[in-house]
Number of protein chains: 2
Amino acid sequence: MPQLRLTKHHGLGNDFLVYLDPDRRVPLTAELARALCERHTGVGADGLIRLGPAEAGLAASMELRNADGGRAEISGNGIRCAGQALVVAGVVPPGEMVVATAAGERRLDVGPTDGSGLAHVTADMGRPQVLGDAPEWEKGDVKSAARVEVGNPHLVLLVADAGAVDVPARGSSAEASVPGGVNVEFVTPGPGADELTLRTWERGSGETLACGSGSCAAAAAARAWGLVGESVAVRNPGGVLRVAFAEDGSVTLTGPAQLVAVVEVALERPGGATLA
Amino acid sequence: MPQLRLTKHHGLGNDFLVYLDPDRRVPLTAELARALCERHTGVGADGLIRLGPAEAGLAASMELRNADGGRAEISGNGIRCAGQALVVAGVVPPGEMVVATAAGERRLDVGPTDGSGLAHVTADMGRPQVLGDAPEWEKGDVKSAARVEVGNPHLVLLVADAGAVDVPARGSSAEASVPGGVNVEFVTPGPGADELTLRTWERGSGETLACGSGSCAAAAAARAWGLVGESVAVRNPGGVLRVAFAEDGSVTLTGPAQLVAVVEVALERPGGATLA
């Protein structure tokens, strides 16, 4: 029966199945993503990533579908996992590489994977655009507010204690008040210098353990407010992501990618149909 | 780094990771179960099964821990998955075998696994004890009620339409009213002859897609009430389980086991510790 070999990874608890498809034999269909990502009857993951052939000079082209089968343009955690998968499979050595995504080419710096499966991966996240303050949000415990664009829209709210915020109640309410929705970051400076404590309400997902684009948005707003320098440790509930600013205002995001398992599945399904 | 090879299976959506440990090298610790069963940072499953060496004449000894790390004596879905794992790994050929469990020796009849990963497995479930009617429950839409023991305690309630019952509300209330708790089955005869439609409230788990011991309890009560014959198709929300009575009152339970994936994980953890 046709078999597909994948690796499972996670970045701060956000988990992905990744497969290499250099010969374009296994299209990333919605059905394949739903079947493999299903937690009980499949392998289980938040998303499925296909790494296909790419133009000369690029390591791979990356396609991503979420567990519901829908396409996603990019994921900060997903692209770190994809970079680790390319190195673990021996497609490229550890170091710098460029991956083509639906959101354009992304530069990665993938560290070696240690015996426990852990690697540190830095991804170029482009230039966050701080669109300006949002004074209508500056009330109660919100001392400053800014709208930030990081490929997707963010509302960053500077609060006295992000740990004490009722994120589901306030995040959903803020998301609903912006046409098209918005990701909402509750951020508090500290505990150390150049550190931020962050809790994120992700548009369409609710509160999450860690958000890559949200960490970049929060760091960009905090920098505009003069609260942090060029390299910021953003403490998400699920772990720390480091945001570093280049001179042109673009940022890189560094965080862990954890190899969980090597997985082999049959592509045949009951009744003789195949998934690919 | 030390590696462990496992297979992932499910029985009507209840999923298990299974590994063979013929040389007693990888103890089934609570930590290993929690790490591997965790849905996002591990492989993900409801439980982890170790198949170790057994006395002559037995196929294996089976140990099971749930995702929370706690030991479980037996699981009707788990033992079907374990039987399939033994055949898929080539330890025994398809057919009859005996597996030692914490609840005693259990006889299995494991069918061959087809190209889609599906096998049908029959497990000996012992003799359900219909302890007698429970007239205090016969009110409203409950026409008959019985207490049944299948290694664990059950309260079987015969209702006009199991599909219409508010199982979470009524199941939790019934569980709470019995000292030590109880599994609660809402059962309706049909739609066909010798068929039952079942919804189960599992003690400690809530409503589940399918319950092996609950299917046996419901069939035993329905047989005591004269509603079904010797072979009963029990329609659980997650699929059909077949309960067959032998002359001595013992039952076998037949249902699907689905091979999902072959999985390989590293046993080393960050910091150099190992899981086994």
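None of the values given here were measured: they were computed from a predicted structure. (Residues numbered from 1 in each chain as written. Chains lettered and ligands numbered in written order. Predicted model: local features only at pLDDT ≥ 70, side-chain atom pairs only at ≥ 80, totals over all residues. Heavy atoms only, no water.)

### Topic: the overall build of chain A
So, step 1. Within chain A, the secondary structure is distributed over 4 helices and 17 strands.
So, step 2. Computed over C-alpha atoms, the radius of gyration of chain A comes to 19 Å, within 12% of the 19 Å expected from 2.2 N^0.38 for 276 residues, which places it in the range of a compact globule.
So, step 3. Projected onto its principal axes, the C-alpha positions of chain A cover 60 × 40 × 30 Å.
So, step 4. Split into buried and exposed, the 276 residues of chain A put 53% on the buried side.
So, step 5. Sequence separation of at least 24 residues holds for 56% of the intrachain contacts in chain A that already meet a minimum separation of 6.
So, step 6. Summing over all exposed atoms, chain A offers an accessible surface of approximately 11200 Å²; the carbon and sulfur share of this is 50%.
So, step 7. Chain A carries 23 positive and 33 negative side-chain charges, and their two centres are separated by 3 Å. (Helix = DSSP H or I, 4+ residues; strand = E, 2+ residues; numbered from the N terminus. Rg over C-alpha atoms; globule rule 2.2 N^0.38 Å. Buried < 20%, exposed > 50% of the residue type's maximum accessible area, 1.4 Å probe, protein only. Contact = heavy atoms within 4.5 Å. Areas by Shrake-Rupley, 256 points an atom, 1.4 Å probe, with all protein chains shown as cover. Lys, Arg positive; Asp, Glu negative; His and termini not counted. Charge placed at Lys NZ, Arg CZ, Asp CG, Glu CD.)

### Description of the interface of chain A and chain B
Often, the extent of an interface is quoted as the loss of accessible area upon association of its parts.
So, step 1. At the junction of the two partners, chain A supplies 24 residues and chain B supplies 24 residues.
So, step 2. Summing both partners gives a buried area of about 2000 Å² for chain A against chain B, and 53% of it is carried by carbon and sulfur.
So, step 3. When residues of chain A are sorted by the area they lose upon contact with chain B, Arg39(A), His40(A) and Ser116(A) head the list and together hold 25% of the total.
So, step 4. Scanning the region where chain A abuts chain B turns up 0 salt bridges. (Buried area = accessible area lost by both parts, 1.4 Å probe. Salt bridge = Lys/Arg side-chain N within 4 Å of Asp/Glu carboxyl O.)

### What about the side chain of Arg80(B)?
Residues and elements named next belong to chain B.
So, step 1. If you trace the backbone, Arg 80 turns up in helix H2 (residues 76-88).
So, step 2. We note that Arg 80 is buried and unpaired, the nearest opposite charge coming from Glu 202 at a distance of 11 Å.
So, step 3. A distance of 3.4 Å separates a polar atom in the side chain of Arg 80 from the backbone oxygen of Gly 255.
So, step 4. Non-local contacts of Arg 80, meaning those with residues more than four positions away in its chain, are made with Gly 11, Leu 12, Val 121, Leu 241, Leu 253, Gly 255, Pro 256 and Ala 257. (Polar contact = N/O pair within 3.5 Å; in protein donor to acceptor, adjacent residues only side chain to side chain.)

### A word on the packing of aromatic side chains
So, step 1. Within the structure shown, the criterion is met by 0 aromatic pairs over all chains.
So, step 2. Sitting above the plane of the Phe245(A) ring, Arg223(A) keeps its charged end 4.7 Å from the centroid. (Phe/Tyr/Trp six-rings, centres within 6.5 Å; stacked < 30°, edge-to-face > 60°. Lys NZ or Arg CZ within 6 Å of the ring centre and 35° of its normal.)

### Things to note about the relation of the copies chain A and chain B
So, step 1. For these two chains of identical sequence, chain A goes onto chain B by a turn of 180° and a shift of 0.1 Å along the axis, with RMSD 0.0 Å. The transformation just described matches what one would write down for a two-fold rotation axis. Taking C-alpha positions as reference, the residue of chain A nearest the rotation axis is Val263(A), located at 2.2 Å.
So, step 2. Taken together, the interface assignments show that 100% of the residues at the interface of chain A recur at the interface of chain B, consistent with an identical surface on both copies. (Least-squares fit on C-alpha atoms with pLDDT ≥ 70 in both.)

### Re unusual backbone geometry
Residues and elements named next belong to chain A.
So, step 1. Residue Pro 191 follows Gly 190 across a cis peptide bond; omega there is 15°.
So, step 2. Relative to the assigned elements, Pro 191 resides in the loop between strand S12 (183-189) and strand S13 (195-202).
So, step 3. The backbone of Leu 12 sits at a positive phi, close to 50°, despite the residue not being glycine.
So, step 4. The topology assignment puts Leu 12 in the loop between strand S1 (3-11) and strand S2 (14-20).

### Focus: the domain arrangement of chain A
Residues and elements named next belong to chain A.
So, step 1. Segmentation of chain A into domains returns domain 1 (3-125 + 257-266) and domain 2 (129-249).
So, step 2. Placing a centre on the C-alpha atoms of domain 1 and another on those of domain 2 gives a separation of 27 Å.
So, step 3. With 4 residues of domain 1 in contact, the opposing surface of domain 2 contributes 10 residues.
So, step 4. Carbon and sulfur atoms make up 72% of the surface buried where domain 1 meets domain 2, a total of about 490 Å² over both sides.
So, step 5. At the junction of domain 1 and domain 2, the tally comes to 0 salt bridges.
So, step 6. At the boundary of domain 1 with domain 2, the tally comes to 0 residue pairs in polar contact (both at pLDDT 80 or more).
So, step 7. Tallied by class, the residues present in the side of domain 1 that touches domain 2 amount to 2 nonpolar, 1 polar and 1 charged. (Domains from an automatic or database assignment. Nonpolar A, V, L, I, M, F, W, Y, C, P; charged D, E, K, R; others polar.)

### Topic: helix H3 (residues 167-177) of chain B
Because each turn of an α-helix spans 3.6 residues, side chains separated by three or four positions in sequence point in the same direction.
All names here are of chain B.
So, step 1. Within the sequence span of H3, burial applies to Val 167, Gly 171, Ala 174 and Glu 175. Summarising the axial view, the buried residues of H3 lie within an arc of 100°, below the 170-degree limit, and thus occupy one face.
So, step 2. The inward-facing, buried residues of H3 abut strand S11 (153-159), strand S12 (183-189), strand S13 (195-202) and strand S14 (206-208).
So, step 3. Capping of H3 at its N-terminal end is provided by Asp 166; its side-chain oxygen lies 3.3 Å from the backbone amide nitrogen of Ala 169. (Arc of directions from axis to C-beta.)

### A few points about the environment of Leu118(B)
All names here are of chain B.
So, step 1. Its location among the elements puts Leu 118 in strand S8 (residues 118-124).
So, step 2. Through-space distance from the C-alpha of Leu 118 to that of Val 251 is 23 Å; in sequence the pair is 133 residues apart.
So, step 3. Contact partners of Leu 118, with chain neighbours within four places excluded, come to Gln 84, Pro 112, Thr 113, Pro 256, Ala 257 and Gln 258.

### A look at the pattern of salt bridges
All names here are of chain A.
So, step 1. Taken as a whole and judged by the stated rule, the model has 22 salt bridges over all chains.
So, step 2. Residue Asp 46 pairs with Arg 39 through a salt bridge whose shortest N-O separation is 2.9 Å.
So, step 3. In this structure Asp 46 comes out as partly exposed when scored by relative accessible area, which is 24%.
So, step 4. The salt bridge involving Glu 195 is made with Arg 235; its shortest N-O contact spans 3.0 Å. Here Arg 235 lies in strand S15 (residues 231-236) and Glu 195 lies in strand S13, a separation of 40 residues in the sequence.
So, step 5. Using a relative accessible area of 17% as the deciding quantity, one classes Glu 195 as buried.

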